[in-house]
Structures are given as C-alpha cells and as structure tokens.
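Survey of secondary and tertiary structure
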Amino acid sequence: MAILVIAEHDNASLKAATLNTISAAAKLGGEVHVLVAGANCGGAAEQAAKLAGVAKVRVADAAHYESQTAENVAALVVANAAGYTHILAPSTANGKNVAPRVAALLDVAQISDIVAVESADTFVRPIYAGNAMATVKSSDAVKVMTVRTTAFEAAGQGGSAAVEAVAAAADLGLTSVKGRELTKSARPELGAAKIIVSGGRGLGNSENYHKLLEPLADALGAALGASRAAVDAGYVPNDYQVGQTGKIVAPQLYIAVGISGAIQHLAGMKDSKVIVAINKDPEAPIFQVADYGLVGDLFEVVPELAKAVG
Amino acid sequence: MKILVPVKRVVDYNVKVRVKADGTGVDIANVKMSMNPFDEIAVEEAVRLKEAGVATEVVAVSCGVAACQETIRAAMAIGADRGILVESDADLQPLAVAKLLKALCDKEQPTVVICGKQAIDDDSNQTGQMLAALMGWPQATFASKVALSDGVANVTREIDGGLETLEMKLPAVITTDLRLNEPRYATLPNIMKAKKKPLETVKPADLGVDVAPRLTTLKVAEPPKRSAGVRVADVAQLVDKLKNEAKVI
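I will try to describe carefully the structure that is included in this document. This is a predicted model, so every value here is computed, not measured.

**Overview of the overall build of chain A**
Secondary structure summary: chain A contains eight helices and 16 strands in total. Across its three principal directions, the C-alpha atoms of chain A cover 60 × 40 × 40 Å. Out of the 310 residues in chain A, the part that is buried amounts to 59%. Split by element, the accessible area of chain A, about 11200 Å² in all, is 50% carbon and sulfur.

Listed below in structure tokens is the structure:
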C-alpha cells in the first residue's frame, strides 16, 4: 500500500500545509510518496525529501507546471496514480482546486476536509459549517481526499527520501495564469501563525482596523485576520478572512477584536488553543467560545493591550 | 451563448442544524430550505451576463427530490429562462451530480457552466471541478470577477494569499466565491413570471447515469463543544492570565 501526497509549494519551497498533509497520510499506514509538480521546483522537492515519514519524492519539473493549473496537475496525478490506494492534498485553495478533478478522472468519490483518520477507508469530516461531524466510509478502490491542515500536526524533519524524476504529462493548454497579486506582508502567514489578531465590524472602518490592530499584531509577532463582515465592508482584502468560507485557523492564541462571533466565523477559529474576545457587547456570541472575555471599548483596550505586551 | 447554472436545495443558511439523537444525520424535518447561497451568486452572475448581452439563455438545473422545483423557480425569479429538474430520491453525491450535469451538458451544449463553489450542507466543494474534469474543460474556481469574450474567459480567482487572474478557453466551468456579486432580491412580478417559465423533468436513468453513492455515512455527531471561559476585568488581568495561566505569550 502506498499513499501519494500532492505537495503544495511555490517551486522554491514547500508550503506548511504539505507538512500537515504528510502527517495525515502517515496515519493511513503505508509508504508515503510526495509528488512535486512545478517548474524549477528542485528546492521544494529537496525540502520534501528531508521530512520525516516520506519514503519517496517524485518530481515532475516542466515549464507548464510553473503555475500548477488544476487541469495539468490533475492529468499528471492521474497518469502516475497506479499503485496508490490514497491520494491526498491539503484543503487549501490549491488542493481544493485539483483534488476533485483527480477524483472525477479516476471515477472515484472525493472526501473533503478530513479531520481524522479512523481506518484506511473511514474518515471524519465536518459538515454544515462544522456544526456536525460526519464519519464516512469509502467503497472506492482509490481514496482521494483533502486534509484540514489544522487537524493534523506538521511532519517533522529528519527524513532522507529518494528523489526521482517523473515524466511530465502533455500540456493541455486549456488555461494560462495571467497574473497573481499576492498580499505582501512581513507578518506570519495566517494559516501557519502561532498568534492571530483578528478584527471585525466593531472597528468601524479600515483606518481603525490598521491603526489599532497593527501595533498589537507587531507587539505579539502575530498574523492579522478578519471576520467576513469586516472583509465585506472593505476594511481588508479577502485573504484576511477567517471563517467557514475563508481560512480555517487553529493558532495557540486567537484574539478577536470587535467580532460578534457569527457561526460562520466561529467555524473558522474555534479549534484555536486559547481564544480572547474583546467586545463592548457582553451578549456577543463570541464570549461563549472565548477562554478570556473582556467587555470594554476596544478603542481603549486594544492600545492598552499592545502597550502591555510590547 | 448559453449558460447552465446548477442550483442545490439546502437547509437555509440561517437555520442552526441539530444532529439527530440516533446519530444518523441532521434533523431537516420542517426546516426552512433555500437555494445554496453560492448558487444564488452563480445565477445572479449568469443573469447579469445575459442582461449585458453576453449570454443569450440561462438554464437552471437542479438534481434531487421533487421539491427542488422550488429552487429552480427561485432561480427563474432572479432571471433564469428555463429549468431542468433531474428528479431522484437517492442520496446524490458530488460525483453523481457531476455525471448528471455532464449528460445535460452533452445535450444542451452550454458555453459556460457557473456553479457555486460549495454547498453549505455537505461542504464538499467538488461538483464544478468534477464536471470540468468529466467534460475535459478548463475550470476557474473561487471566482471573484468574470469577463467573457470571444471564446475566452478571463476570471479573477481568490487564492491563498491573494488573487490570481486566469485566462481559459471556452467552454469552461466557473465556480463562484462570495465576492463575485450580490444577488438581487426577486421581485413579486418576477416571482409570478417565474411560475410560467418552462421546467422539464428528467430522471437519472433517462440520462443513463448510475447515481449509486460511493460514500456511506456511518455516523453524524455533534462537534466537541467549547465552553465559555472567564471574564476578565481589565487589560492587566488579561495579560496576567495569558502569561501565567494559559502561557501563550
């Protein structure tokens, strides 16, 4: 039995989500192989080879994998799927783009966002925005799955897997990426941060969001997040959004500022180790999940907190 | 240009679902049902493309029980021209729905299929990608901006860390993200008009599709509950707790 993990990477280096996916794969009990599809992606492949639990790294290095379009990557995975009982990808924008395409081409179901492995064919996944947990059993020969990264530890270092080249599949020429606008930030990535400071509508406007939360995030070395309401109101770009339809996060410390705690937001952060809520409304639902709640005016409390931890 | 829009009937997003005591699923008896919100965005986008003169016809499709007719009528009230119901009482999983949609695409020959990125009941986020794979078409998932012209679609997608602009050949599948548009409210005259629009019903067997489920749900349980902690009086106490009790800073 062998398991294939589709690596998430930017050619130069592996994304943290790949490490969690490898841990999920290790729980299935089989040899774990990692597929790195990219262009000049030797750096990412080398990092994958050094991870604990990885038996083999397979690299498809070709110009048409540069931007890792779903069409080309799925075709490559399917061409190399023989011998694998499970094919895993992280449940990131990229993984969710590719995995269902792979499953359909193999004529098997895809199991989304698994949070636990019960056995080689039985998995737990959230449904209804995390309001229920379903245990599902697959009857397909190959299990194609996406992995909720916050539910599995990151794989450690210390491996020395063989790296082998695999032939590129033909370029389907169906799509081309014209550009990427990535938010530049010196702060940690939202999905991998140990501390997250997150803001909601209570901040009132974009200026307040930045003026109040940035000093606090800087003092804590934290990533910045936001509720859907704050994103919809235009305070920050969409990739700040924490919630069922945004990013699912589970940091050591999550500080919710001026966030009421809509169910869709809670679905994205309730697995955080420690939750702090700062809100002027004592009845706000966020207090029902917070370990430490502070009822007060965030315009006074947040600068004071930034000063106290700075 | 014809646009096909699949719409799913789901528990309304305002309803807090409850897990059944016997662990077989969630209780949806007497619960308000609505169109999946991401599908509503898909219908709105298709109708806007028609209003802009880019598309000529918008066809709404739903796969499921007879009551899915209501969901198709809701799509028609937004502006879809006609509807197709693939009627089945079976548990239709994403792969089966993608196969049903493929059969309809083969027949209807749409230039674009616009799907919601995921349904808010099973949260699968699969059907659009699977349909694209089965058709051999390109896909643009999580779209926040769509421009169609002359055999080509330019789509801005929401990806981790920012945005990506994709150019793809038509025909293609597009899946919608939240910020693509804000769906209109259907007006009463349009709701009345929708009742007279054509709605065809077919069965999976008519389309030659095997819809047998591949996944069996063994159990549905409540998620682990997080209990409320303590209220702190001021910043000093909060910092003390974070440092000395939780030890996270």
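**Thoughts on the pairing of strand β4 (residues 84–90) of chain A**
All names here are of chain A. Burial runs high along β4: six of the seven residues are buried. Strand direction decides the pairing type here: strand β1 (residues 2–6) and β4, joined by four bridges, are parallel. By the bridge assignment, leucine 4 is partnered in β4 with isoleucine 87. The pairing of β4 with strand β9 (residues 143–147) spans five bridges and is classified as parallel. Residue isoleucine 87 lies in a different strand from β9, and its bridge partner there is valine 144.

**Concerning the pattern of salt bridges**
Taken as a whole and judged by the stated rule, the model has 29 salt bridges over all chains. Of the charged contacts in the structure, one is a salt bridge between arginine 226 of chain B and aspartate 291 of chain A, with a shortest N-O distance of 2.7 Å. Separated into two different chains, arginine 226 of chain B in the loop between β12 (215–221) and β13 (230–231) and aspartate 291 of chain A in the loop between β15 (274–279) and β16 (292–295) make up a pair that spans both. The residue arginine 48 of chain B makes a salt bridge to glutamate 44 of chain B at a minimum N-O spacing of 2.6 Å. Linking arginine 48 of chain B with glutamate 44 of chain B, this pair stays in helix α1 (residues 37–51), spanning four residues, or about one helical turn. Arginine 48 of chain B gets classed as partly exposed once you look at its relative accessible area, which sits at 36%. Through salt bridges with shared partners, one network takes in Asp107 and Asp140 of chain A together with Lys99 and Arg214 of chain B.

**Here we look at the packing of aromatic side chains**
Throughout the structure, instances matching the rule amount to one aromatic pair over all chains. Looking at arginine 231 of chain B, its charged tip hangs above the ring of phenylalanine 287 of chain A, at a distance of 4.2 Å from the centre.

**Here's the deal with the packing of helix α3 (residues 94–108) of chain B against helix α4 (residues 127–135) of chain B**
Residue and element names in this part refer to chain B. At a closest axis distance of 8 Å, the pairing of α3 and α4 adopts a crossing angle of 50°. With respect to α4, the axis of α3 lies oblique. The two elements α3 and α4 cross, and the hand of that crossing is right-handed. The segment α3 lies against α4, with Pro94, Leu95, Val97, Ala98, Lys99, Leu101, Lys102, Cys105 and Asp106 engaging Thr127, Met130, Leu131, Leu134 and Met135.

**Quick look at helix α1 (residues 16–26) of chain A**
Residues and elements named next belong to chain A. The buried count for α1 comes to nine of 11 residues, which makes it a mostly enclosed element. By the burial criterion, the buried members of α1 are Ala17, Thr18, Leu19, Asn20, Thr21, Ile22, Ser23, Ala24 and Ala25. Looking at the buried positions of α1, the neighbouring elements they touch are β1, β2 (31–38), β3 (54–61), β4, β6 (116–119) and β9.

**Some points on a nonpolar patch on the surface**
Residues Leu188, Ile191 and Met192 of chain B make up a contiguous nonpolar surface patch of about 280 Å² in total accessible area. Its place among the elements puts leucine 188 of chain B in helix α5 (residues 188–194).

**As for the interface of chain A and chain B**
Interface size is commonly expressed as the accessible surface area that is lost when the partners come together. At the junction of the two partners, chain A supplies 81 residues and chain B supplies 73 residues. Between chain A and chain B lies a buried interface of about 6400 Å² when both sides are counted; carbon and sulfur atoms form 55% of it. The three residues of chain A that bury the most area against chain B are Arg101, Tyr128 and Tyr292 of chain A, which together make up 12% of that side's buried surface. Of the charged contacts in the structure, one is a salt bridge between arginine 179 of chain B and aspartate 232 of chain A, with a shortest N-O distance of 3.4 Å. For the pair chain A and chain B, the interface holds 46 residue pairs in polar contact (both at pLDDT 80 or more). Here the residues of the side of chain A that touches chain B are counted per class, giving 38 nonpolar, 23 polar and 20 charged. Bridging between strand β8 (residues 132–138) of chain A and β12 of chain B involves six bridges; their strand directions are antiparallel.

**Observations regarding the sheet that holds β9 of chain A**
Residues and elements named next belong to chain A. Read from one edge to the other, the open sheet built from seven strands follows the order β5-β9-β4-β1-β2-β3-β10, with strand pairing classed as parallel. Looking at strand neighbours, the two that pair on one side only are β5 (110–114) and β10 (162–165), the edges of this open sheet. The average angle at which neighbouring strand axes cross in this sheet is 25°, direction not considered. Pairing analysis gives three bridges linking β5 to β9, with the strands arranged parallel.

**Details of the environment of lysine 241 of chain B**
Here lysine 241 of chain B shows up in helix α6 (residues 235–245). We classify lysine 241 of chain B as buried; its relative accessible area is 18%. Along the chain, lysine 241 of chain B and lysine 193 of chain B lie 48 residues apart, while their C-alpha atoms are 61 Å from each other. Discounting chain neighbours no more than four positions away, the residues touching lysine 241 of chain B are Tyr292 of chain A together with Val230, Val232, Ala246 and Lys247 of chain B.

**Details of the side chain of lysine 2 of chain B**
Residues and elements named next belong to chain B. Within the element layout of this structure, lysine 2 appears in strand β1 (residues 2–6). In this structure lysine 2 comes out as buried when scored by relative accessible area, which is 18%. A distance of 2.7 Å separates polar atoms of two side chains, one belonging to lysine 2 and the other to glutamate 108. Setting aside its immediate chain neighbours within four residues, lysine 2 contacts Thr56, Glu57, Val59, Arg82, Glu108, Pro110, Thr111 and Val112.

Reading the values: the criteria
Residues numbered from 1 in each chain as written. Chains lettered and ligands numbered in written order. Predicted model: local features only at pLDDT ≥ 70, side-chain atom pairs only at ≥ 80, totals over all residues. Heavy atoms only, no water. Helix = DSSP H or I, 4+ residues; strand = E, 2+ residues; numbered from the N terminus. Buried < 20%, exposed > 50% of the residue type's maximum accessible area, 1.4 Å probe, protein only. Areas by Shrake-Rupley, 256 points an atom, 1.4 Å probe, with all protein chains shown as cover. Pairing = 2+ DSSP bridges. Salt bridge = Lys/Arg side-chain N within 4 Å of Asp/Glu carboxyl O. Phe/Tyr/Trp six-rings, centres within 6.5 Å; stacked < 30°, edge-to-face > 60°. Lys NZ or Arg CZ within 6 Å of the ring centre and 35° of its normal. Axes fitted to C-alpha atoms, helices over the stretch in contact; angles between N-to-C directions. Parallel < 35°, antiparallel > 145°, perpendicular 65-115°, else oblique. Left-handed = near helix turned anticlockwise from the far one by under 90°. Contact = heavy atoms within 4.5 Å. Patch = residues over 30% accessible without salt bridge, like charges linked within 9 Å, V, L, I, M, F, W, Y side chains within 5 Å. Buried area = accessible area lost by both parts, 1.4 Å probe. Polar contact = N/O pair within 3.5 Å; in protein donor to acceptor, adjacent residues only side chain to side chain. Nonpolar A, V, L, I, M, F, W, Y, C, P; charged D, E, K, R; others polar.

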